[in-house]
Structures are given as structure tokens and as C-alpha cells.
Amino acid sequence: MRSLTYDMEFRERAKRAQSWGFGLLSVAALLWVWFAVLLLMPYEIEGKYGDTECEARLFTDQSTANRGAGNGSKCTAERDWPELLGVIGLSVPVSVVGAALYTGGSVSNRMSEHAAEVARLTEAADRK
């Protein structure tokens with residue numbers, strides 16, 4: 001009976017790791033959604049002379065947002081690439097750790113179930 005207790009605790013730890021992995025993958029997915037919002041959505045800048053409407057970062061005609069600082073636009077400094085790259089860069093380690101935990105937990109749980117089934121079948125074959 002002691003091995004059954006150990007096996008149940010092992011499966012519980014594996015499912016906990018799998019849950020943590022799923023949670024981290026969910027956080028990474030939220031970071032990807034935030035990246036898409038920052039990249040694809042137009043935005044406004046509040047200024048002392050009124051609000052300025054800026055194009056989405058991805059859909060600009062020039063190399064900088066709304067033709068850049070050449071025409072005096074404040075849009076260039078408001079949503080620049082370092083923020084976008086920071087969001088996507090943060091999602092990479094979160095997703096790698098999440099995938100490793102989820103995969104490790106899934107494999108551990110599946111192997112434990114397999115070992116228990118093999119032991120049960122071996123015991124049933126020995127009785128015959």
C-alpha cells in the first residue's frame with residue numbers, strides 16, 4: 001500500500017506542475033495579445049493643445065509613426081519599438097518555462113498511469 005500512496009503523491013505533483021505550466025502559457029498568451037494590441041491598434045496622445053490621433057505602429061507609411069518627427073508629430077516617441085520588443089521578449093521565457101512545466105507534468109502523469117496499468121496487468125497475469 002505504501003507504493004500506492006507514493007504514486008498518488010507523484011501524480012498530484014505532476015498535475016500541479018501541469019497546472020503551473022498551463023497558467024504560465026496563459027500569461028504568455030496574454031502578453032502576445034497585448035503585443036498585438038500595441039502593434040495593430042491606433043492610439044491617441046493627450047497634449048496641451050488637444051489630442052493627437054496616431055496610426056497603428058504596423059500600418060505607418062514611413063519608417064516612424066505618422067511620418068515621424070520631421071513634421072513635428074509626437075507619435076514617434078509615444079509608441080516605439082523597444083516597448084513592443086520588451087513585451088514580446090518577456091513572453092518568450094514565460095512560454096518556455098510554461099511549456100516545459102506543462103509537458104513535464106503531462107509526461108510524468110501519463111507514465112505513472114502507464115506503470116500502474118502495467119503492474120495491474122502483470123499481477124492479473126500472475127494470478128492465472
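Each value, and the rule that gives it
- Residues numbered from 1 in each chain as written.
- Predicted model: local features only at pLDDT ≥ 70, side-chain atom pairs only at ≥ 80, totals over all residues.
- Heavy atoms only, no water.
- Helix = DSSP H or I, 4+ residues; strand = E, 2+ residues; numbered from the N terminus.
- Buried < 20%, exposed > 50% of the residue type's maximum accessible area, 1.4 Å probe, protein only.
- Contact = heavy atoms within 4.5 Å.
- Areas by Shrake-Rupley, 256 points an atom, 1.4 Å probe, with all protein chains shown as cover.
- Core = buried A, V, L, I, M, F, W, Y, C linked by side-chain atoms within 4.5 Å.
- Phe/Tyr/Trp six-rings, centres within 6.5 Å; stacked < 30°, edge-to-face > 60°.
- Salt bridge = Lys/Arg side-chain N within 4 Å of Asp/Glu carboxyl O.
- Patch = residues over 30% accessible without salt bridge, like charges linked within 9 Å, V, L, I, M, F, W, Y side chains within 5 Å.
- Lys, Arg positive; Asp, Glu negative; His and termini not counted.
- Charge placed at Lys NZ, Arg CZ, Asp CG, Glu CD.
- Expected span 1.5 Å × (residues − 1).

1. A closer look at the overall build of the protein
- Scanning the protein from terminus to terminus reveals three helices and two strands.
- Shown N-terminal to C-terminal, the secondary structure of the protein runs as helices and strands in the order α-β-β-α-α.
- The proportion of buried residues among the 128 residues of the protein is 25%.
- Relative to all contacts within the protein whose residues are 6 or more apart in sequence, the contacts with residues 24 or more apart total 57%.
- Of the roughly 9200 Å² of accessible surface on the protein, 63% is carried by carbon and sulfur atoms.

2. With respect to the nonpolar core
- Counting seven residues, the largest nonpolar core is built from Leu31, Phe35, Leu38, Leu39, Leu84, Val87 and Ile88.
- Apart from residues no more than four positions distant in its own chain, Leu84 is found in contact with Phe35, Leu38, Leu39 and Arg57.

3. A look at the environment of Glu44
- For Glu44, the position within the fold is in strand β1 (residues 43-47).
- In the structure, Glu44 is positioned 10 residues away from Cys54 in sequence and 5.8 Å away in space, judged by C-alpha atoms.

4. Concerning the packing of aromatic side chains
- A full pass over the atoms with the stated rule returns two aromatic pairs.
- Arranged with centres 6.2 Å apart and planes meeting at 75°, the rings of Trp32 and Phe35 form a pair that is edge-to-face. Placement of the pair is Trp32 and Phe35 together in helix α1 (residues 2-40), with a separation of three residues, close to one helical turn.

5. Brief notes about the pattern of salt bridges
- Inspection of every chain in the model, using the stated rule, returns five salt bridges.
- Note that Glu113 and Arg110 form a salt bridge whose closest N and O atoms lie 3.7 Å from each other. Remark: Arg110 and Glu113 occur in helix α3 (residues 81-127); sequence separation between them is three residues, near one turn of the helix.
- According to the relative accessible area criterion, Glu113 is partly exposed, its value standing at 33%.
- A relative accessible area of 58% places Arg110 in the exposed class.

6. Some points on a nonpolar patch on the surface
- Taken together, Val33, Trp34, Val37, Leu40, Met41 and Leu58 make up a surface patch of nonpolar side chains, about 530 Å² in accessible area.
- Counting through the fold element by element, Val33 comes out in helix α1.
- Residue Val33 is classed as partly exposed on the basis of its relative accessible area, which comes to 49%.

7. Let's talk about a negative patch on the surface
- On the surface, a cluster of negative charge is made up of Glu44, Glu46, Asp51 and Glu53.
- Structurally, the position occupied by Asp51 is in strand β2 (residues 50-54).
- Taking the relative accessible area as the measure of exposure, Asp51 reaches 53% and is therefore exposed.

8. Considerations on α3
- Over its 47 residues, α3 extends 69 Å from the first C-alpha to the last, a length consistent with the 69 Å expected when each residue adds 1.5 Å.
- Within the span of α3, buried status applies to Leu84, Val87, Ile88, Ser91, Val94, Gly98, Gly105, Asn109 and Ser112.

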